[in-house]
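Report on the structure
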Amino acid sequence: MSADAEGRVVALSRELERTSRRLGELDALVRELAGTLAELAAAPAGAQPQQPASPVRPWLGTPDVDTAVADLEDLADWLAAVYLRYADALLPSCWAWHADIVEELHWLRGAYHDAYGLNPPGAGAAARQTPSWQKVGDWHDRLRPGVVRRIKTTAGSCELSRHAPGQYLPQRQNAAPLASQLRAIAASWASTGAPPTVTDDLLAQARHEQQLHLRNHQP
């Protein structure tokens, strides 16, 4: 057999191999689609396909008591095992009385698991992320120090005794200022590209809301 013919035979053999591989991949895809169709056909009418539970969820606004308790207990374990091993990561005795601190630590723990490809507590195997040294570096260089800094800024001098009855603590606002005016404000932005003119009535309402907030949170 000539070298040219031999080359054509080798090329044909490789092409057949690639074709066989593609046919195998196509066959696997068809089988997967057939299985999915069978599951959909067996599902009750109107039923929604179940989605895997996402490990990314907030602490603030958790409606389920059992979930909130489990999250806080798991968070305390992680704080002892990881967060508090860093010399600058000190927590006030009242840390669990500050919802914003709990939320910060809650997502920081999630980012830690994500960076190292670990399963967050309560999450299935599908929730596991691919570990990344870049994510690990970002967690150490930016995320963890940022949380430490904000906790020290907002509650660094706080302690549990300040939460006792009769003690004054700054309180968060219960609603966004001028919430009743948001429809008019949004309409102005949408139609003119600018907020509405500040009138005496708006100034008076803003002052009234601020005074009401302060009066409701006096010791």
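Just above sits the structure.
Residues numbered from 1 in each chain as written. Predicted model: local features only at pLDDT ≥ 70, side-chain atom pairs only at ≥ 80, totals over all residues. Heavy atoms only, no water.

This part is about the nonpolar core. With 23 residues, the main nonpolar core has Trp 78, Tyr 83, Leu 105 and Trp 139 as its most contacted residues. Among the secondary structure elements, those contributing two or more residues to this core are α2 (65-81), α3 (99-116) and α4 (133-155). When sequence neighbours within four positions are dropped, the list of residues in contact with Trp 78 reads Tyr 83, Leu 105, Leu 108, Arg 109, Tyr 112, His 113 and Trp 139. (Core = buried A, V, L, I, M, F, W, Y, C linked by side-chain atoms within 4.5 Å. Buried < 20%, exposed > 50% of the residue type's maximum accessible area, 1.4 Å probe, protein only. Helix = DSSP H or I, 4+ residues; strand = E, 2+ residues; numbered from the N terminus. Contact = heavy atoms within 4.5 Å.)

It is worth spelling out the state of the cysteines at this point. The full count for this structure, using the stated rule, is 0 disulfides. In this model Cys 94 remains outside any disulfide bridge; the closest cysteine sulfur is found in Cys 158, 3.4 Å from its own. The class of Cys 94 is buried, set by a relative accessible area of 0%. Cys 158 sits in the buried class, given a relative accessible area of 8%. (Disulfide = S-S within 2.5 Å.)

The next subject is the side chain of Glu 103. Here Glu 103 is to be found in helix α3. With near-sequence residues (within four places) excluded, Glu 103 lies in contact with Pro 58, Trp 59 and Leu 60.

The next subject is the side chain of His 106. Relative to the elements of secondary structure, His 106 occurs in helix α3. Assessed through its relative accessible area of 9%, His 106 is described here as buried. Setting aside residues no more than four positions away along its own chain, His 106 makes contact with Arg 57, Pro 58, Trp 59, Asp 71 and Leu 75.

Turning to its location among the elements, Arg 150 is positioned in helix α4. On a C-alpha basis, the gap between Arg 150 and Asp 100 in space is 9.9 Å, while along the polypeptide they are 50 residues apart. Among residues more than four places away in sequence, those in contact with Arg 150 are Glu 104 and Trp 107. Polar contacts involving the side chain of Arg 150 include one to the side chain of Glu 104, which spans 2.6 Å. (Polar contact = N/O pair within 3.5 Å; in protein donor to acceptor, adjacent residues only side chain to side chain.)

Moving on to the packing of α2 against α3. It is the contact of α2 with α3, at a shortest axis distance of 10 Å, that shows an interaxial angle of 65°. Viewed along their axes, α2 and α3 adopt a mutual orientation that is roughly perpendicular. Judged by the twist between their axes, the crossing of α2 over α3 is left-handed. The residues of α3 that touch α2, namely those facing Asp 71, Leu 72, Asp 74, Leu 75, Trp 78 and Leu 79, are Val 102, Leu 105, His 106, Leu 108, Arg 109, Tyr 112 and His 113. (Axes fitted to C-alpha atoms, helices over the stretch in contact; angles between N-to-C directions. Parallel < 35°, antiparallel > 145°, perpendicular 65-115°, else oblique. Left-handed = near helix turned anticlockwise from the far one by under 90°.)

To continue, consider a nonpolar patch on the surface. On the surface, a cluster of nonpolar side chains totalling about 360 Å² of accessible area is made up of Tyr 116, Leu 118 and Trp 133. Secondary-structure assignment places Leu 118 in the loop between α3 and α4. (Patch = residues over 30% accessible without salt bridge, like charges linked within 9 Å, V, L, I, M, F, W, Y side chains within 5 Å. Areas by Shrake-Rupley, 256 points an atom, 1.4 Å probe, with all protein chains shown as cover. Salt bridge = Lys/Arg side-chain N within 4 Å of Asp/Glu carboxyl O.)

Close approach of charged atoms allows side chains of opposite charge to pair. Scanning the model with the defined rule gives 4 salt bridges in all. Put simply, Arg 144 and Asp 88 hold a salt bridge, and the shortest N to O gap is 2.9 Å. In this pair, Arg 144 sits in helix α4 while Asp 88 sits in the loop between α2 and α3, placing the two residues 56 residues apart along the sequence. You can call Arg 144 buried: its relative accessible area is 8%. Judged by relative accessible area, Asp 88 falls into the partly exposed class, the value being 29%. Residue Arg 142 is joined to Asp 138 by a salt bridge in which the shortest nitrogen-to-oxygen separation is 2.7 Å. Residue Arg 142 and its partner Asp 138 are both found in helix α4; the two are separated by 4 residues, about one turn of the helix. The exposure class assigned to Asp 138 is partly exposed, which follows from its relative accessible area of 28%.

The end-to-end C-alpha distance of α4, which contains 23 residues, comes to 32 Å, matching closely the 33 Å that a straight helix rising 1.5 Å per residue would cover. The axis of α4 is deflected most strongly, by about 45°, at Trp 139. Within the span of α4, buried status applies to Val 136, Trp 139, Leu 143, Arg 144, Gly 146, Val 147, Val 148, Ile 151 and Ala 155. Among the structural elements, α2 and α3 are those in contact with the buried residues of α4. (Expected span 1.5 Å × (residues − 1). Bend = angle between axes of the 7 residues up to and from the residue.)

Moving on: the packing of aromatic side chains. If you walk through the whole model with that rule in mind, you get 6 aromatic pairs. Between the aromatic rings of Trp 78 and Tyr 112, the centroid separation amounts to 5.8 Å while the plane-to-plane angle is 65°, which identifies the pairing as edge-to-face. Of this pair, Trp 78 sits in helix α2 while Tyr 112 is found in helix α3, placing the two residues 34 residues apart along the sequence. Through successive ring pairs, a cluster of aromatic residues spans Trp 78, Tyr 83, Tyr 86, Tyr 112, Tyr 116 and Trp 139. Here Arg 144 stacks its cationic end above the ring of Tyr 86, 4.1 Å away from the centre of that ring. (Phe/Tyr/Trp six-rings, centres within 6.5 Å; stacked < 30°, edge-to-face > 60°. Lys NZ or Arg CZ within 6 Å of the ring centre and 35° of its normal.)

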